[in-house]
Amino acid sequence: GHAVATGSLLAAAGAEGLGWTAPGCADILKALLARFHYDPKPGFSARDLANAALSDKKRRGETITIVYPKQPGKGELRKLPVSQLEHFIQCGLDKL
């Protein structure tokens with residue numbers, strides 16, 4: 001559960017940082033998790049998280065499908081080159 005919560009928040013924050021999602025979307029999820037006393041900091045670097053994600057089932061060759069909230073209650077899928085994955089994750093970490 002913790003990995004899913006962290007990953008969801010990181011994806012929301014990364015997508016927001018890149019302008020893919022409505023401003024404040026990540027803050028809504030972060031506030032919801034805070035109500036359950038959940039600390040969203042993953043404790044790993046963007047590089048470590050990107051390297052771990054490279055073995056994810058959503059990776060196909062040189063792309064990985066990112067799942068993120070476009071707006072509260074509406075998810076979206078976007079293919080991202082794996083070469084940009086660390087940057088995406090860093091954008092998310094910077095917002096946390």
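About the cut-offs
- Residues numbered from 1 in each chain as written.
- Predicted model: local features only at pLDDT ≥ 70, side-chain atom pairs only at ≥ 80, totals over all residues.
- Heavy atoms only, no water.
- Core = buried A, V, L, I, M, F, W, Y, C linked by side-chain atoms within 4.5 Å.
- Buried < 20%, exposed > 50% of the residue type's maximum accessible area, 1.4 Å probe, protein only.
- Helix = DSSP H or I, 4+ residues; strand = E, 2+ residues; numbered from the N terminus.
- Contact = heavy atoms within 4.5 Å.
- Pairing = 2+ DSSP bridges.
- Disulfide = S-S within 2.5 Å.
- Axes fitted to C-alpha atoms, helices over the stretch in contact; angles between N-to-C directions.
- Parallel < 35°, antiparallel > 145°, perpendicular 65-115°, else oblique.
- Left-handed = near helix turned anticlockwise from the far one by under 90°.
- Nonpolar A, V, L, I, M, F, W, Y, C, P; charged D, E, K, R; others polar.
- Salt bridge = Lys/Arg side-chain N within 4 Å of Asp/Glu carboxyl O.

Q: Help me understand the nonpolar core, please; the structure alone is not making it clear to me.
A: The tendency in soluble globular proteins is for nonpolar side chains to be buried side by side. Counting 23 residues, the largest nonpolar core has Ile 66, Leu 80, Leu 85, Phe 88 and Ile 89 as its most contacted members. Here the element with the most residues in this core is helix H1 (residues 2–17); it accounts for seven residues. With residues up to four places along the chain from it excluded, the contact list for Ile 66 reads Glu 76, Leu 77, Arg 78, Leu 80, Leu 85 and Phe 88.

Q: I would appreciate a short explanation of the sheet that holds strand S3 (residues 74–81) in the present structure.
A: Within a sheet, adjacent strands bond to each other through the backbone by hydrogen bonds, running parallel or antiparallel. Pairing in this open sheet of three strands is antiparallel, and the strands run S1-S2-S3 from one edge to the other. A strand with exactly one partner marks an edge of an open sheet, and here the two such strands are strand S1 (59–60) and S3. Where S1 lies against strand S2 (residues 63–71), two bridges are found, and the strand directions are antiparallel. Residue pairing in the sheet places Arg 60 in a bridge with Thr 63 of S2.

Q: Just to check I follow, could you spell out the state of the cysteines for this structure?
A: A covalent bond between the sulfur atoms of two cysteines is what we call a disulfide. The full count for this structure, using the stated rule, is zero disulfides. We note that Cys 25 lacks a disulfide partner, and the nearest cysteine sulfur, in Cys 91, lies 15 Å from it. Since its relative accessible area comes to 15%, Cys 91 is described here as buried.

Q: Can you help me understand the packing of helix H3 (residues 46–53) against helix H4 (residues 85–95) in this one?
A: Running from N to C, H3 and H4 cross one another at 130°; their axes reach a closest spacing of 9 Å. Between H3 and H4, the interaxial angle falls into the category oblique. The interaxial crossing formed by H3 with H4 has right-handed handedness. Where H3 approaches H4, its residues Ala 46, Arg 47, Leu 49, Ala 50 and Ala 53 are matched on the opposing element by Leu 85, Glu 86, Ile 89, Gln 90 and Leu 93. Here the contact of H3 with H4 is built from residues that sort into seven nonpolar, one polar and two charged.

Q: Even after reading the chapter, I still don't get the pattern of salt bridges, so can you show me in this structure?
A: If you walk through the whole model with that rule in mind, you get three salt bridges. We note a salt bridge from Glu 16 to Lys 95, for which the minimum N-O separation is 3.2 Å. Of this pair, Glu 16 sits in helix H1 while Lys 95 sits in helix H4; the two residues are 79 residues apart in sequence, bridging distant segments of the chain. Classification of Lys 95 as partly exposed rests on a relative accessible area of 33%.

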